[in-house]
Amino acid sequence: MMIGQELSETGRRLFRDFPILRMLWESGRKKGIRETIGLIEKAEEFNRTFAVPRALELDMRMEREPEYFDWEIMRRACRYRFLSLFIPRQLGGIAGEFMVTNTSLLMDELCSGCSGIALAVGAHSLGVAPLVTSGAMAHWDTVLKEIVEGELREQPVTMAYAITEPSAGTDVEEPEYLEKAKLSLEAKKVKGGYVLNGRKCFISDGSEAKYFTVCAALDRSRPLQTWTTFLVERDMEGFSTPRVELKMGQRASHAAELLFEEVFVPDSHVLGYEGDGMGNGILMIMAASRGPVGSIATGIARGAFQHFLAWAKTKRNGKRPIDEDRIRLALADMWGMIQENRGLYMSNAMLGDGIFSKALDNPIMNLTLGLPSSLRTMPLMRNFLNSYYGKAMINAILRYYLKDEDMTQLLETASLAKFSCADNAMELCSRALSLMGPEDSEERRWVEKCYRDAKLTQIYEGTNQLNRLVVNNIRFEETLRVEVPRPLKKGVMA
Ligand SMILES: Cc1cc2nc3c(=O)[nH]c(=O)nc-3n(C[C@H](O)[C@H](O)[C@H](O)COP(=O)(O)OP(=O)(O)OC[C@H]3O[C@@H](n4cnc5c(N)ncnc54)[C@H](O)[C@@H]3O)c2cc1C
């Protein structure tokens, strides 16, 4: 059978834009690629029926009322199962062999409609990621299960990822800088747990999430050595989200401040060991998530391109802009930027799937997740998984499947995709706006929104400057290496 006959229109478009997908299909990975196409069809429907019709209005409303949040975004995301992207299939989620590729393609598609709405959806998976990559199995049957069950009932339960502090943004994303960072949040060890005091800021989905993965130092004078990842729950006493930012772009999603006032977090809520935060809380997450930020920027660029193309084909004063060579040249350049971006984020995504699919789908994982959930949630089992030796066992398994050199290469490709895609998106939007001139039109309003939206992709997940330094430090100077957490680690407060 010819490829075209077996495929939907979306499948044919994807094969044309991403020849690697066609190659995988032809080499026998049809089941996985069919799922990818199905996911993108859902994203197209989400955009067509929901995101695009309300994007401009929501953008304007949130400029006037930054506190407003449209919960329908999350309910719709549930309907399409977009909240389970990073949750393993064995736990009811949809993460399979193409987890990173699917996430990247999905963000590209959603952001071509509205990246503010897409960020509200995608930032939740960023919050989920440390629960998965740290192997915090004791929470998989509670938190991840609650997310899946909520999703199936269309009652969203969401997470957020909190690392940035008022005086430390770039500094918390790289070991060399964390060493010297001026932190506000501190976690003090007390009997049975930790007490957190201080603030986090700019946290996407922070005012909506029920659960948070939070990195904090146990000793602010030794941030790198004591940086630790915690699971925090919204209803913990002393936790609040006092304010959200008035954003310039991607307004449909909130960036919130988190306030910790004597918040007690039990020992069971430390993800991995104390002091493992740079590995399991930052670098492993960035290796998986900066590529998808590149795809966010690409989707924004593609949205801008489509509106610019529509503008170029519309007659004005009897002439179509596209009949001029300077516009045709610009369109070809813009399409080139989009395809260059796709090449970058897809090479990161394919590498990520090669690495993570081994860790998610292997005999040990299948055996563990094949056990009845009632057995895994027994107090004896949970206590073991949360214990020093339980964590040692999990870290040993993680280190067996995830290698430092693979994760380091993944971080390099992720940072490269992130800054290149974001810069291309800014350049594309800026060129489109200049060519369109000052005349007011619906298309120009969209491109102006895309311009503001694209700017943020140069900032979050580490600024583009930081991501350039990461590429330099990994590739040219070999001073940065991702370390998958080790078993049997000594206490950091000794
Ligand atoms: C819309 C949005 C959503 C966000 N969502 C989240 C979230 O969900 N969770 C979260 O934890 N954080 C989030 N952030 C925070 C984001 O990750 C930080 O803003 C980012 O890391 C930059 O930190 P900063 O704002 O403190 O800037 P700074 O670190 O103060 O940097 C200011 C400028 O100095 C440059 N700079 C700093 N250090 C160096 C250096 N050593 N060399 C060269 N240049 C340098 C930077 O590149 C930048 O241009 C979000 C931010 C935005 C804007």
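All figures in this text were calculated on a predicted structure; none of them were measured in a lab.

Caption draft 1: Broad picture of the packing of aromatic side chains. A full pass over the atoms with the stated rule returns 15 aromatic pairs. Ring centres of F18 and Y345 lie 6.4 Å apart, and the angle between their planes is 50°; this geometry places the pair in the tilted category. Of this pair, F18 sits in the loop between helix 2 (9-17) and helix 3 (19-26) while Y345 is found in helix 12 (residues 325-360), placing the two residues 327 residues apart along the sequence. The buried category is assigned to F18, whose relative accessible area is 4%. Y345 sits in the buried class, given a relative accessible area of 0%. Seen in terms of ring centroids, F212 and F239 are 4.9 Å apart; in terms of plane orientation they differ by 50°. Their pairing is tilted. Separated by 27 residues along the polypeptide, F212 in strand 4 (residues 211-217) and F239 in strand 6 (residues 239-240) bring together distant segments of the chain.

Caption draft 2: Spatial organisation of the site of the ligand. Near the ligand you find 19 residues, and of these I163, T164, T170, F202 and T463 are the closest. Take Y161: an N or O atom from its main chain is 2.8 Å from a nitrogen atom of the ligand. Q465 has a polar side-chain atom sitting 3.0 Å from an oxygen atom of the ligand. For the ligand, whose unbound accessible area comes to 980 Å², protein coverage reaches 69%. Counting residues per element, the ones that place at least two in the shell around the ligand are strand 1 (159-162), strand 3 (193-204) and helix 19 (464-476). Taken together, the residues of the shell around the ligand sort by class into 10 nonpolar, six polar and three charged.

Caption draft 3: How the structure looks around the side chain of N424. Relative to the elements of secondary structure, N424 occurs in helix 17 (residues 404-436). Using a relative accessible area of 11% as the deciding quantity, one classes N424 as buried. When sequence neighbours within four positions are dropped, the list of residues in contact with N424 reads M337, E340 and N341.

Caption draft 4: Geometry of the pairing of strand 5 (residues 227-233). Here strand 5 lies mainly inside the structure; six of its seven residues are buried. Relative to strand 5, strand 4 runs antiparallel, the two being bridged by seven bridges. Across the sheet, the residue bridging to F212 is V232, located in strand 5. The pairing of strand 5 with strand 8 (residues 270-271) spans two bridges and is classified as antiparallel. From the neighbouring strand, T229 faces strand 8, where its bridge partner is L271.

What counts, and at which threshold
- Residues numbered from 1 in each chain as written.
- Predicted model: local features only at pLDDT ≥ 70, side-chain atom pairs only at ≥ 80, totals over all residues.
- Heavy atoms only, no water.
- Phe/Tyr/Trp six-rings, centres within 6.5 Å; stacked < 30°, edge-to-face > 60°.
- Helix = DSSP H or I, 4+ residues; strand = E, 2+ residues; numbered from the N terminus.
- Buried < 20%, exposed > 50% of the residue type's maximum accessible area, 1.4 Å probe, protein only.
- Near = heavy atom within 4 Å.
- Polar contact = N/O pair within 3.5 Å; in protein donor to acceptor, adjacent residues only side chain to side chain.
- Areas by Shrake-Rupley, 256 points an atom, 1.4 Å probe, with all protein chains shown as cover.
- Nonpolar A, V, L, I, M, F, W, Y, C, P; charged D, E, K, R; others polar.
- Contact = heavy atoms within 4.5 Å.
- Pairing = 2+ DSSP bridges.

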